[in-house]
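Residues per chain, in single letters:
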Amino acid sequence: MEKRYPLPPFTLETAIQKVQLAEDAWNSQDAERVSLAYSVDTEWRNRSTFLNGREEAKKFLEDKWKKELNYKLKKELWAFMDNRIAVRFEYEYQNKEGQWFRAYGNENWEFDENGLMQRRFASINDLPIQESERRL
């Protein structure tokens, strides 16, 4: 069985580590790499999109990074308990027309005993910004 360390139950140190690993993976914009952190039967809600399974998540990410150019993300641990982690995040991206956006949001994560994320629920809001307003 595949394992993704650190494994739950999380401590402050391992929860921070898990969040940093996720940030690093998402900033790679490598959908295959990112998808391997999720269980084969993962459940997602991303905004109003519902996904089931690692393959759907991978396809979603491939499509996401074709539209969200110059993507840069920062995640921060908000809370954790046992096999769950909550994060706040912001990311910036540019669309194909050249408009910059900053997206703000929260994610709730639930992990299986092998450290794979089995549930991910993300609430996200986008704010158009000028290039001069970028922070990331």
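The structure this text deals with has already been given above.
Conventions used here
- Residues numbered from 1 in each chain as written.
- Predicted model: local features only at pLDDT ≥ 70, side-chain atom pairs only at ≥ 80, totals over all residues.
- Heavy atoms only, no water.
- Pairing = 2+ DSSP bridges.
- Helix = DSSP H or I, 4+ residues; strand = E, 2+ residues; numbered from the N terminus.
- Axes fitted to C-alpha atoms, helices over the stretch in contact; angles between N-to-C directions.
- Contact = heavy atoms within 4.5 Å.
- 1 Å grid on protein atoms, 1.4 Å probe; cavity = no way out; pocket = protein on both sides within 12 Å on 5 of 7 lines; lining within 4 Å.
- Points joined across faces, edges and corners; volume = space filled by probe spheres on them.
- Nonpolar A, V, L, I, M, F, W, Y, C, P; charged D, E, K, R; others polar.

*Asks:* I would appreciate a short explanation of the sheet that holds strand β4 (residues 84-94) in the present structure.
*Replies:* To summarise the sheet geometry, strands pair through backbone hydrogen bonds and adopt either a parallel or an antiparallel arrangement. The strand order across the open sheet built from six strands is β2-β1-β6-β5-β4-β3, with neighbouring strands paired in mixed fashion. This sheet does not close on itself; its edge strands, each paired only once, are β2 (49-52) and β3 (69-81). Averaged over all adjacent pairs, the angle separating strand axes in this sheet is 20 degrees, with direction ignored. Sheet topology note: the strand β1 (residues 38-46)/strand β6 (residues 117-129) ladder contains five bridges and is parallel. Following the sheet pairing, W44 is matched in β6 by R120. Together, β1, β3, β4, β5 (100-111) and β6 form the strand contacts of helix α1 (residues 12-28), whose direction differs from that of β3 by roughly 165 degrees.

*Asks:* I'm lost on the layout of surface pockets in this one. Help?
*Replies:* Any empty space left between the atoms is revealed when a probe the size of a water molecule rolls over them. Considered as a void within the structure, the largest pocket measures approximately 220 Å³ in volume. Around the largest pocket, the lining is made up of 15 residues, and of these R4, K18, L21, A22 and A37 lie nearest the centre. Those elements that place two or more of their residues in the lining of the largest pocket are α1, α2 (31-35) and β5. In terms of residues, the lining of the largest pocket owes the most to one element, α1, which gives five residues. For the lining of the largest pocket, the residue count by class is eleven nonpolar, one polar and three charged. As a volume, the second largest pocket reaches approximately 180 Å³. Along its surface, the second largest pocket is lined by N46, R47, T49, F60, D63, K64, K67, E68, Y91, Y93 and N95.

*Asks:* Is there a simple way to explain unusual backbone geometry in this structure?
*Replies:* Trans peptide bonds make up the majority, and among non-glycine residues the majority have a negative phi. The omega torsion across Y5 and P6 is 0 degrees, close enough to zero to call that bond cis. Mapped onto the fold, P6 is located in the segment before α1. Cis peptide bonds are those with omega within 30 degrees of zero, and the linkage from P8 to P9 qualifies with 5 degrees. As for its placement among the helices and strands, P9 is situated in the segment before α1. In the Ramachandran plot, R47 falls in the positive-phi region, its phi being about 60 degrees despite a non-glycine side chain. Tracing the backbone shows R47 in the loop between β1 and β2. One non-glycine residue, N70, lies in the positive phi region at around 55 degrees. By the element assignment, N70 lies in strand β3.

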